[in-house]
Amino acid sequence: MSNKAVVISWKKNLICTWIGQLLCMAGYSAIMPFIPLFIRDHYKITDDKQLGMWVSAMTFFGFASFCVANPVWGVLADRFGRKLMLLRSYYISTIVFPLMYFAPSVLWLVVIRFMISFFSGSVTAAQTLIVTTTPKEHQGVALGTLSSAVWSGQMIGLLCGAFFVDTFGYKWGFIGCGALYLVGGIITHIWVKENFTPIKRTGKKTSPWKELFALPKPIWILLAVFTAMGLARSLDTPYVPILISQITKPEKAVFYTGIVSLLAALGGLISGILLGKLCDKFPPMLVAIPAILFSALTMLVQSLTGNLYLFGGMRFMHYIAAGGLDPAFQAMLAKITPEAKRGSVFGVAASVRVLGVVLASLAGFAIIGITGQIRAIFICSAILFALLLPVMHITQKIMKNYKPED
């Protein structure tokens, strides 16, 4: 195969995977940001403290299942192919997401959310596929471009979801979510190519968990940073609709949640492309540190303001900074991970990042239980971002002399 053919191959894969991710994230964002309001309206739970605790429970059990399952999906991707894992996440989500609307109680809604998370993980699968089919010198921009699909899909989904939910009710959001996952799966099935060759294994077969625990120490240190990032980034997210309903009229909360979330997605889109390119030109650590500092400052303003316009503006600015942390950390991880283990390592990275989300849901549950205030969540989120700065400084020192395997 010529060099030209290789370049065309990775670019074509990136374009088709980008479209698939755009569609599935549009489906996801057409309904998931409105779930707290769905619980409030569909199950008639109006008390802020009780509503916040149910939102925390759904976040915890949903992401806990993802956290447990994703490393195994990553190891299976290394053994059977990354494209297969991406198709698995698309097609199962197609079936299970619409079932959420028919949950007879909020407890069953939590159970179905648990099932979705266990079998999902399209973003991680797509990232792993792109990393393993893209030349090293283009991985930063490829991951940043793929990240832009996530944010662009969120923008489209939020616009459609806010309109349809506000106009026709929640049902169409759930149905549309499943349909878009299906289309994304079909596009991936037909046009995305992978020349996958399983690694020949000699000697005794080892379990996926043993393979994961055998990873080098510097990789685990960086994975711990992924957990801290997941905690800081996810603490406030489930409670945005509730805070917006306090700032504005409750009956307009769906509409304004869509607009504010759209601004956040636009900020993430800009960030994913910009910081992805910067990570190809500069050490990713130098890109991440200013982004973390700016994330802390903008989150602090969100926690204090009672003005919807200022809140939306700070949400946009926050995601310009925080939205690029994923590509920056992924670029760091790709540089220190052997190619043969990238499926496993990226699976673990997604899992430990989601572990941060699980910890965030527990922390949110505790904060609301103690203070009874939604705003306290946002204040604690700002503090967590600030604490990431010394964590990154320590990580930089530890990784400075590490030489990865070939």
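To start, this report covers the structure provided alongside it.

Here is what the cut-offs are and how they apply
- Residues numbered from 1 in each chain as written.
- Predicted model: local features only at pLDDT ≥ 70, side-chain atom pairs only at ≥ 80, totals over all residues.
- Heavy atoms only, no water.
- Helix = DSSP H or I, 4+ residues; strand = E, 2+ residues; numbered from the N terminus.
- Rg over C-alpha atoms; globule rule 2.2 N^0.38 Å.
- Buried < 20%, exposed > 50% of the residue type's maximum accessible area, 1.4 Å probe, protein only.
- Contact = heavy atoms within 4.5 Å.
- Areas by Shrake-Rupley, 256 points an atom, 1.4 Å probe, with all protein chains shown as cover.
- Polar contact = N/O pair within 3.5 Å; in protein donor to acceptor, adjacent residues only side chain to side chain.
- Patch = residues over 30% accessible without salt bridge, like charges linked within 9 Å, V, L, I, M, F, W, Y side chains within 5 Å.
- Salt bridge = Lys/Arg side-chain N within 4 Å of Asp/Glu carboxyl O.
- Core = buried A, V, L, I, M, F, W, Y, C linked by side-chain atoms within 4.5 Å.
- Expected span 1.5 Å × (residues − 1).
- Axes fitted to C-alpha atoms, helices over the stretch in contact; angles between N-to-C directions.
- Parallel < 35°, antiparallel > 145°, perpendicular 65-115°, else oblique.
- Left-handed = near helix turned anticlockwise from the far one by under 90°.

## Here we look at the overall build of the protein chain
Each helix and strand counted, the protein chain has 17 helices and zero strands in total. Its C-alpha atoms give the protein chain a radius of gyration of 20 Å, within 12% of the compact-globule value 22 Å for 406 residues. With respect to the three principal axes, the spread of C-alpha positions in the protein chain is 60 × 45 × 40 Å. When burial is assessed residue by residue, the protein chain has 56% of its 406 residues classed as buried. For the protein chain, contacts bridging at least 24 residues in sequence account for 88% of all contacts bridging at least 6. Total accessible area computed for the protein chain in this model is approximately 17,400 Å², and 71% of it derives from carbon and sulfur atoms.

## Notes on the environment of Thr-298
Among the structural elements, Thr-298 can be located in helix 13 (residues 284-304). Judged by its relative accessible area of 3%, Thr-298 falls in the buried class. Excluding its chain neighbours within four sequence positions, the residues that come into contact with Thr-298 are Met-314, Met-317 and His-318. Reaching out from Thr-298, the side chain makes a polar contact with the backbone oxygen of Phe-294 at a distance of 3.0 Å.

## As for a nonpolar patch on the surface
Together, Phe-61, Leu-107, Trp-108, Val-111, Phe-114, Met-115, Phe-118 and Phe-119 line one region of the surface with nonpolar side chains, adding up to about 720 Å² of accessible area. Broken down by element, the nonpolar patch gets its largest block of residues, seven residues, from helix 5 (residues 106-119). Looking at the secondary structure, you find Val-111 in helix 5.

## Structural notes on the nonpolar core
The biggest cluster of nonpolar side chains holds 75 residues, and the ones touching the most others in it are Ile-35, Met-100, Leu-109, Tyr-170 and Phe-378. The greatest single-element share of this core, amounting to eight residues, is contributed by helix 7 (residues 139-168). Listed in part, the 36 residues of the second largest apolar core include Leu-222, Val-287, Phe-329 and Met-332.

## Digging into helix 15 (residues 325-336)
Here helix 15 spans 17 Å end to end across 12 residues, near enough to the 16 Å set by a 1.5 Å rise per residue. Counting buried residues along helix 15, 11 of its 12 residues qualify, which places the element largely inside the surrounding structure. Taken as a whole, helix 15 has its buried residues at Leu-325, Asp-326, Pro-327, Ala-328, Phe-329, Gln-330, Ala-331, Met-332, Leu-333, Ala-334 and Ile-336.

## A closer look at the pattern of salt bridges
Considering all chains together, one arrives at two salt bridges under this definition. Taking the shortest distance from any N to any O, the salt bridge between Arg-40 and Asp-41 comes out at 2.8 Å. The closest approach of N and O atoms between Asp-236 and Arg-315, which form a salt bridge, is 2.6 Å. You can see Asp-236 sitting in the loop between helix 10 (217-234) and helix 11 (240-247) and its partner Arg-315 sitting in helix 14 (residues 308-322), a full 79 residues away along the chain. In this structure Asp-236 comes out as buried when scored by relative accessible area, which is 1%.

## Remarks on the environment of Pro-104
Along the chain, the position of Pro-104 falls in the loop between helix 4 (82-96) and helix 5. Exposure remark for Pro-104: the relative accessible area of 65% places this residue in the exposed category. Distance in space between the C-alpha atoms of Pro-104 and His-42 is 10.0 Å, their sequence separation being 62 residues.

## Describing the packing of helix 13 against helix 15
Between two packed helices, the angle of one axis relative to the other and the distance separating the axes together describe the packing. Close contact between helix 13 and helix 15 brings their axes to 9 Å; oriented N to C, the two are set at 155°. As the angle between them shows, helix 13 and helix 15 are arranged roughly antiparallel. As helix 13 packs across helix 15, the resulting crossing turns out to be left-handed. On helix 15, the residues touching Pro-284, Met-285, Ala-288, Ala-291 and Ile-292 of helix 13 are Leu-325, Ala-328, Phe-329, Ala-331, Met-332 and Lys-335.

These results come straight from atomic positions and should not be treated as a statement about function.
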